[in-house]
Amino acid sequence: MSQNEHDDCACTEYNELVSRREFLGTTGGMSGAALYAWAYPEWLPKVSFADSFVANRDVIVSVFLRGGADGLSLCAPFGDPLYYTGRPTIAIPRPDSTAATKGIALDSFFSFPQAMRFLVPAYQAGDLLVVHGAGLTYNTRSHFDAQHFMEVGKANDQSVNTGWLGRHLATTSPMKNGAAVRAIGISDGLVDTLKGGPQTVPMTDPANYGIGGSATTRDARTAWLQADYTDSLEPAKTAAMNAISTINLLRSLNIGAYAPANGAVYPNTGLARGLRSTAALIKADIGVEAVHLDIGGWDTHTDQNPLTGGMSTTMTQLSGALGAFWQDCISSGLAQNVTVVVLSEFGRNVRENGSRGTDHGRGTAMFAMGRGIRGGRVLTNNWRPLAQENLVDRQDLAVSIDYRDILGEIVQNRLGNSNLSTVFPGYVPAFRGVTK
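Caption draft 1: Quick peek at the overall build of the protein chain. Helices and strands together make up the secondary structure of the protein chain, namely 13 helices and eleven strands. Since a compact globule built from 436 residues should have a radius of gyration of about 22 Å, the 21 Å found for the protein chain is in line with a globular shape. Projected onto the principal axes, the alpha-carbon positions of the protein chain cover approximately 70 × 45 × 40 Å. Burial status across the protein chain gives 57% buried among its 436 residues. If you average the places of the 35 positive and of the 39 negative side-chain charges in the protein chain, the two averages end up 5 Å apart.

Given below as structure tokens:
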């Protein structure tokens, strides 16, 4: 499901949040230079260029599941009978069931639903890690607040206005000298995750990023913009020049003609098209070191149906896109190492509600994927049976692993940045052994 579609299963706040993003995307019809300027505020630190390409740092791809994804459907604890007690109509059948919708066992306790089957090869190859009971502890059930806290990397602090990935970029040198763009947000406007990142630009479609209007006058208008901004004051001048360079660079790549490797076939979905463009950008080796993408549709208050209905469709879109990207960019032996992280603002209640859905919860499942990830397992911390006395507020899976533990270890060990106190202010990540 597109982030821009009204969701009948979602709450009012989630749909208002989607509408707001849609409005920003519509007003994003401004020039690339203006978008770049918004993405590149004046206060950003000046980053020195590296002497050479840093081959031992991974490119990172961040995916946000907007709406509060139900971790107990994404990765079902079939080994706990209380899971079935609390979800009489929406539970994933046990792997030893005769149902066509039975789960796919990951180990003796957890399973993927059939909709997540496209990620099984990555899991079996040891490249995919599932972290269950992951999240951030805060006192809100608001999508808006929770997404903000997750993206900026700090709970209960509305004063933080830069994202964890943006601060990572701001505290490391570019991976490639002279890179026109270091990070791309494939979304409507710049997401909080990337705010504060130098040379960071949002765009809905890298294959068609540029100045709108007639193609016959595009070059003339680009030249006019370039001349007009040449005498502008900083930072507008640098932002405009970088934006024009990025537009010209992306046009030269011909992303639309990109051919995936290793037999990968990307589905025709928004996330898959974004990951296909991401693969093209990485393989073009132009210095892009971070890409962020969104997939909405996870606010499942009514008719959740993770077996054949709405959530099954959304999970199929997620796993199909990520599975193709794994085949294309990770299992293919690509020279550049890539790490993918997938997270959501919160999980859902353990028990289903009267509308065959689930309401806003706490802990959920997150994912990390890459050749540098110790995958092929479901990581938990003090997992307890889903009895009410073990649940937060007697209804929610607890956050037993702070998601910053996972991201912090990846930032330091895979992205080569030890400035974790800046990337995650006020928090010291506890490494969980998720990287090689």
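Caption draft 2: Layout of the side chain of Arg362. Along the chain, Arg362 turns up in the loop between strand S8 (338-344) and strand S9 (364-370). One buried charge, Arg362, has no salt-bridge partner; the nearest side chain with opposite charge is Asp396, at 4.2 Å. At a separation of 3.2 Å, a polar atom in the side chain of Arg362 contacts the main-chain carbonyl oxygen of Tyr138. When neighbours within four sequence positions are excluded, Arg362 is seen to be in contact with Tyr138, Thr140, Arg141, Phe346, Gly347, Val392, Asp393, Asp396, Leu397 and Val399.

Caption draft 3: How the structure looks around the pattern of salt bridges. Going through the model one piece at a time under the given rule, you end up with 18 salt bridges. For Lys283, the salt bridge goes to Asp328, with nearest N and O atoms at 2.5 Å. Taken as a pair, Lys283 in helix H10 (residues 270-284) and Asp328 in helix H11 (residues 310-330) lie far apart in primary sequence, 45 residues in all. According to the relative accessible area criterion, Lys283 is partly exposed, its value standing at 26%. In this structure, a network of salt bridges that share partners links the residues Arg57, Arg182 and Glu289.

Caption draft 4: Spatial organisation of the nonpolar core. One finds Val63, Leu74, Phe325 and Val340 to be the most contacted residues of the largest nonpolar core, which totals 66 residues. Here this core gets ten residues from one element, more than from any other, and that element is H11. Setting aside residues no more than four positions away along its own chain, Leu74 makes contact with Leu65, Ala69, Ser111, Phe112, Pro113, Met116, Trp298, Met311, Met315, Leu318 and Phe367. One finds Leu169, Ala290, Ala368 and Ile373 within the second-largest nonpolar core, a separate group that totals 37 residues.

Caption draft 5: Geometry of the environment of Leu407. With respect to the element layout, Leu407 can be found in helix H12 (residues 403-413). In this structure the C-alpha to C-alpha distance between Leu407 and Arg117, which are 290 residues apart in sequence, comes to 25 Å. With near-sequence residues (within four places) excluded, Leu407 lies in contact with Trp164, Val341, Met366 and Phe424.

Caption draft 6: Broad picture of unusual backbone geometry. Its identity as a non-glycine residue notwithstanding, Asn305 has a phi of 40°, on the positive side. Backbone geometry places Arg356, a non-glycine residue, at a positive phi of 60°. Along the chain, the position of Arg356 falls in the loop between S8 and S9.

Caption draft 7: Structural view of the pairing of strand S5 (residues 183-186). Burial along S5 is two-sided: the face carrying Ala183 and Gly185 and the face carrying Ile184 and Ile186 are both buried. Where S5 lies against strand S6 (residues 200-203), four bridges are found, and the strand directions are parallel. Its bridge partner lying in S6, Ile186 is registered against Met203. For S5 and strand S7 (residues 290-295), the ladder comprises four bridges, and the chain directions are parallel. In the sheet register, Ile186 faces S7, and the bridge partner there is Leu293.

Caption draft 8: Fine view of the environment of Gly297. By secondary structure assignment, the location of Gly297 is in the loop between S7 and H11. Take Gly297: its relative accessible area is 6%, and that puts it in the buried class. Through-space distance from the C-alpha of Gly297 to that of Ser418 is 35 Å; in sequence the pair is 121 residues apart.

Caption draft 9: Spotlight on the packing of H10 against H11. Direction vectors running N to C along H10 and H11 enclose 20°, while the axes themselves pass 9 Å from each other. Overall, the two elements H10 and H11 adopt an arrangement that is roughly parallel. By crossing handedness, the relation of H10 to H11 is classed as right-handed. Each of Leu271, Ala272, Leu275, Thr278, Ala279, Ile282 and Lys283 in H10 lies in contact with H11, whose residues at this interface are Gln317, Leu318, Ala321, Leu322, Phe325, Asp328 and Cys329. Split into classes, the residues belonging to the contact of H10 with H11 amount to ten nonpolar, two polar and two charged.

Caption draft 10: Main features of the packing of aromatic side chains. Across all of its chains, the model carries seven aromatic pairs by this definition. On the numbers, 5.1 Å between centres and 85° between planes, the contact of Phe110 with Trp383 is edge-to-face. Here Phe110, found in the loop between strand S2 (104-105) and strand S3 (111-112), pairs with Trp383, found in the loop between strand S10 (377-379) and strand S11 (401-402); they are 273 residues apart in sequence, far enough to count as distant. According to the relative accessible area criterion, Phe110 is buried, its value standing at 5%. Their ring planes at 45° and their centres at 5.8 Å tell us that Tyr138 and Phe149 sit as a pair that is tilted. Here Phe149 lies in helix H6 (residues 143-152) and Tyr138 lies in the loop between strand S4 (128-135) and H6, a separation of eleven residues in the sequence. A single burial state applies to Tyr138 and to Phe149, both of which are buried. Among the aromatic residues, ring-to-ring pairing joins Phe109, Phe110 and Trp383 into one connected group. Across from the ring centre of Phe64, 4.4 Å away, lies the NZ or CZ of Arg66, which sits over that ring.

Reading the values: the criteria
Residues numbered from 1 in each chain as written. Predicted model: local features only at pLDDT ≥ 70, side-chain atom pairs only at ≥ 80, totals over all residues. Heavy atoms only, no water. Helix = DSSP H or I, 4+ residues; strand = E, 2+ residues; numbered from the N terminus. Rg over C-alpha atoms; globule rule 2.2 N^0.38 Å. Buried < 20%, exposed > 50% of the residue type's maximum accessible area, 1.4 Å probe, protein only. Lys, Arg positive; Asp, Glu negative; His and termini not counted. Charge placed at Lys NZ, Arg CZ, Asp CG, Glu CD. Salt bridge = Lys/Arg side-chain N within 4 Å of Asp/Glu carboxyl O. Polar contact = N/O pair within 3.5 Å; in protein donor to acceptor, adjacent residues only side chain to side chain. Contact = heavy atoms within 4.5 Å. Core = buried A, V, L, I, M, F, W, Y, C linked by side-chain atoms within 4.5 Å. Pairing = 2+ DSSP bridges. Axes fitted to C-alpha atoms, helices over the stretch in contact; angles between N-to-C directions. Parallel < 35°, antiparallel > 145°, perpendicular 65-115°, else oblique. Left-handed = near helix turned anticlockwise from the far one by under 90°. Nonpolar A, V, L, I, M, F, W, Y, C, P; charged D, E, K, R; others polar. Phe/Tyr/Trp six-rings, centres within 6.5 Å; stacked < 30°, edge-to-face > 60°. Lys NZ or Arg CZ within 6 Å of the ring centre and 35° of its normal.

So yeah, pure geometry; function would need other evidence.
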